[in-house]
Amino acid sequence: MTHIDAGAELDPVHPVPAPSAPESRGLTSAEVAERVTRGQVNDVPVRSSRTLSEIVRANVFTRFNAIIGVLWLIMLFVAPIQDSLFGFVILANTGIGIVQEWRAKQTLDSLAVIGEARPTVRRDGVATEVSTSELVLDDIIEIGPGDKIVVDGVCAEADGLEIDESLLTGEADPVVKHPGAEVRSGSFVVAGGGAFKATRVGREAYAAQLAEEASRFTLVHSELRSGISTILKYVTWMMIPAAIGLVVTQLFVKNNDLKDAIARTVGGIVPMVPEGLVLLTSVAFAIGVIRLGRQQCLVQELPAIEGLARVDTVCLDKTGTLTEGGMDVTELRMLGDSDETYVHKVLGALGESAPRPNASLQAVIDAYPDSDEWRCVESLPFSSARKYSGATFSEGDGETSTWLLGAPDVLLADGEPALAETERLNREGLRILLLARAARDLDDTDVAKAARPTALVVLEQRLRPDAADTLRYFADQHVRAKVISGDNAVSVGAVAAKLGLSGTTVDARRLPEDPLGMAAALDEGTVFGRVTPQQKRDMVGALQSRGHTVAMTGDGVNDVLALKDADIGVSMGSGSEATRAVAQIVLLNNSFATLPSVVAEGRRVIGNITRVATLFLVKTVYSVLLALLVVCWQAQYPFLPRHLTLLSTLTIGVPAFFLALAPNTERARPHFVRRVMRYSIPGGVVAGVATFVTYLIARHYYTGEGSLDAETSAATLTLFLISMWILAIIARPYTWWRVLLVASMGVAFLFVLVVPSLQSFFALKLVGVTMPWTAVAIAVVAAVALEFLWKWVDRRFPA
């Protein structure tokens, strides 16, 4: 609340002199240049992604790349080039990972520029928008509702200025600021307007890191990534004893030729490493970012794609989400003996008194222009907590009057006749503002008491044309939609009904205050009106306490606290700076209809990575098991690196790439590690045992020179057929391209077996008829065992 003749005040904690008149013009161009030269510039890097060097480092310098790299160098010296193919595959995979993440970085960077906060500063007496990084010390920065304080400063001007510092202090109540009071970066304006002088910029600002962290490309807080890290940790511990035993057996116990022993040892160790799994996860996420970027969706935190796929409850703010931002005044209804011409003047003056009007007041301004006859003496800006604004005017004839404009059910006592009329209009989905003449001063804590209703302003909201289809999509995907709005509950319910959203409508003022009671009411209700900003936050927490994964959409400052606490915060690009800063996903095209694409992308990533992770880990399990069996039997390891490179490429590498990018609408489920390992362990054990049985039978069947190559070929055939069956199971449900993918991998292997040059290159040649058919028979038995075993696992260990 501001008086036009208010003198400068000093903040009791941080006494700073009020600004002098020249400061209101801001810095000159010369002063700005001087500060830039001195380094007094807001140089905190606001990044949306990792640098190129960080991307290369993250993709190249990994634990498993180091293992594979050392083994590759060894193989280059001791074995033919075909036994070193696995190294070239790793190079190609790493290159693909770097290219895809670089493409994702470019997409993120270009989108981040669009969504970047651009504060308004005064320079040379002119208000100008600049990027956050161009702010300098002593800049005069203008602020209004929804603006984020991007650097520390001292308030120079205040017009009913209220700032929410909850993101810094945890205190939810807005703080009224007067000239001379300190303002800190990371807070945001909830009501009124003004300007402040920058006193600390760059890394000296109190919360400078918030701006950087809000839009950084991150790979953290992801169940998928943490699950893969857990799996890789276990794999490492499994690899160590198996690899040691293999080295001892092949080099010392069997007394083999050194080069052949090294080749077979490496051949046993390499397939234990699920090197492509991490790569494929990065590629899937990166491609997701690129796909969403083309739809003008900025993913500020990469795991948000995954998080939204896990969501089972979406909390929607009505204004800006279900309805478009603009409104139109359709009718003005006089109450009592009010004079319509006089009311027009009041509304015009109220519109003029607001420096930064919200959508409702903008509609009033458009309908009733100011006549310049009245002078604003005192103003009370609109805030979401109050639900009304007000002003005191000196009328042209010397009279003084105080007026309030806001929610009828807040300004009027129960039983007022005007409330019945308001209720009827609300049921039609219309938004109603009450104009009332106050009997008390604006600085009275109960200014609305005894206010005399004068007129009802009827506003029509513009429904988003795509909102109904989006709500229908969420219903089809078993995601519950909860409409949470500060507007009248009946009006919000009518809007929701027009969009096809059915359910109970609840006035939030009657909700239980205890979390358990609120959670129960939220489970039963669908539409909630008259929700305060703090209640929105409490409602998100109550839903989460019931085990729900909650997404919150919004665009106004009243949504910031709820967006921050929700599992996934989604902001409109036209929303306030504060909402864009705390949201993980920003819809730059302001289209609620983009959300299904984000959900679908997340489900595609998680569902498909779960599929292909099973393929990779089956290979790890059977490789470790084969190594242990070879050690126990003190036999030669049956495979050379070239054999397992061929198998991995045909049954895992190529198919996994296509499966990871395929459409997938299944809702993401928790417990990633358990869900993957419950298939990988039995699948790997069956494949490993069946392959080793074939190898043992072949060792007794073949004798003489070349017997080892024949034994290897028979074991390779069994392992390939079982791996193909696992791939066929993973590829279900079948579509034409999945059938074609599996079939083409089989044809490729057959091609290797029948073309002499490829037979020689991969050292694969089936000898005789009996042993190859025995290998096929063992593979068939193993495939049947897999089918029964995986069905038993589904029943015994449900996901």
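Right above here is the structure, for reference.
Just so you know, these numbers come straight off a predicted model, no measurement behind them. (Residues numbered from 1 in each chain as written. Predicted model: local features only at pLDDT ≥ 70, side-chain atom pairs only at ≥ 80, totals over all residues. Heavy atoms only, no water.)

Visitor: Please clarify how helix H15 (residues 467-476) should be interpreted in this entry.
Guide: Working note: α-helix, 3.6 residues per turn, so residues spaced by three or four point in the same direction. Here H15 has its buried residues at Ala-467, Ala-468, Thr-470, Leu-471, Tyr-473 and Phe-474. Among the residues trailing H15, His-478 stands out with phi positive, at a value near 60°. (Buried < 20%, exposed > 50% of the residue type's maximum accessible area, 1.4 Å probe, protein only. Helix = DSSP H or I, 4+ residues; strand = E, 2+ residues; numbered from the N terminus.)

Visitor: Even after reading the chapter, I still don't get the pattern of salt bridges, so can you show me in this structure?
Guide: As a working rule, side chains carrying opposite charge can pair if their charged atoms are close by. In the structure shown here, the tally under the stated rule is 26 salt bridges. Salt-bridge contacts for Glu-182 lead to Arg-200; the nearest nitrogen and oxygen are separated by 3.1 Å. Of the two residues, Glu-182 sits in strand E7 (residues 182-183) while Arg-200 sits in strand E8 (residues 188-200), which places them 18 residues apart along the sequence. With a shortest N-O distance of 3.0 Å, Arg-480 and Asp-523 are connected by a salt bridge. Remark: Asp-523 occurs in helix H17 (residues 515-524) and Arg-480 occurs in strand E17 (residues 480-484); sequence separation between them is 43 residues. For Arg-480, a relative accessible area of 28% gives the class partly exposed. For Asp-523, a relative accessible area of 24% translates into the label partly exposed. Through salt bridges that share partners, Glu-331, Arg-333, Glu-421, Arg-424 and Glu-428 make up one connected network. (Salt bridge = Lys/Arg side-chain N within 4 Å of Asp/Glu carboxyl O.)

Visitor: Where do I start with the sheet that holds strand E22 (residues 585-587) in this structure?
Guide: Pairing between sheet strands relies on hydrogen bonds along the backbone, with the strands arranged either parallel or antiparallel. Read from one edge to the other, the open sheet built from eight strands follows the order E9-E22-E21-E20-E10-E17-E19-E18, with strand pairing classed as mixed. Where the open sheet ends on each side, the last strands, each with one partner, are strand E9 (297-299) and strand E18 (504-507). On average, each strand axis in the sheet is tilted by 20° relative to the strand beside it, whichever way the strands run. Bridge analysis of strand E21 (residues 568-572) against E22 gives three bridges, and the strand direction is parallel. When the bridges of E22 are listed, Met-572 appears paired with Leu-587. Those strands touched by helix H10 (residues 303-310) are E9, strand E20 (550-554), E21 and E22, and its axis lies near 105° from that of E21. Across the sheet, H17 is in contact with E17, E18 and strand E19 (525-529); its angle to E19 comes to roughly 110°. (Pairing = 2+ DSSP bridges. Axes fitted to C-alpha atoms, helices over the stretch in contact; angles between N-to-C directions. Contact = heavy atoms within 4.5 Å.)

Visitor: I'm lost on the packing of aromatic side chains in this one. Help?
Guide: How two aromatic rings sit relative to each other is given by the distance of their centres and the angle of their planes. Enumeration over the complete set of coordinates arrives at 12 aromatic pairs. Geometrically, the ring pair formed by Trp-374 and Phe-393 is tilted, given 5.7 Å between the ring centres and 55° between the ring planes. Taken together, the positions of Trp-374 in the loop between helix H12 (359-367) and strand E12 (375-380) and Phe-393 in strand E13 (residues 388-394) put the pair 19 residues apart, joining distant regions of the chain. Like Phe-393, Trp-374 is buried. Relative to Phe-762, the ring of Phe-761 has its centre 5.0 Å away and its plane inclined at 80°; by these criteria the two rings are edge-to-face. Looking at Phe-762, the relative accessible area reads 10%, which means it is buried. Taken together, the aromatic side chains of Tyr-342, Trp-374, Phe-393 and Trp-403 make up a single cluster linked through ring pairs. (Phe/Tyr/Trp six-rings, centres within 6.5 Å; stacked < 30°, edge-to-face > 60°.)

Visitor: Would you mind showing me how to read the side chain of Gln-535 here?
Guide: Checked against the element boundaries, Gln-535 lands in helix H18 (residues 533-545). Look at Gln-535 and you get buried, because its relative accessible area is 14%. Setting aside its immediate chain neighbours within four residues, Gln-535 contacts Ala-508, Leu-511 and Arg-530.

Visitor: Would you mind showing me how to read the nonpolar core here?
Guide: Side chains of a nonpolar character, in soluble globular proteins, are inclined to be buried together. Judged by nonpolar contacts, the single largest core of 91 residues is most densely connected at Phe-86, Ile-609, Val-612, Phe-672, Ile-722, Ile-726 and Phe-749. A total of 14 residues in this core trace back to one element, the largest contributor, which is helix H21 (residues 595-633). Setting aside chain neighbours within four positions, we find Phe-749 in contact with Leu-646, Leu-647, Leu-650, Thr-716, Leu-717, Phe-720 and Leu-764. The next biggest cluster of nonpolar side chains, apart from the first, holds 38 residues, and it includes Ile-305, Ala-496, Leu-499 and Leu-595. (Core = buried A, V, L, I, M, F, W, Y, C linked by side-chain atoms within 4.5 Å.)

It is worth stressing that arrangement in space is one thing and function is another; only the former is reported here.
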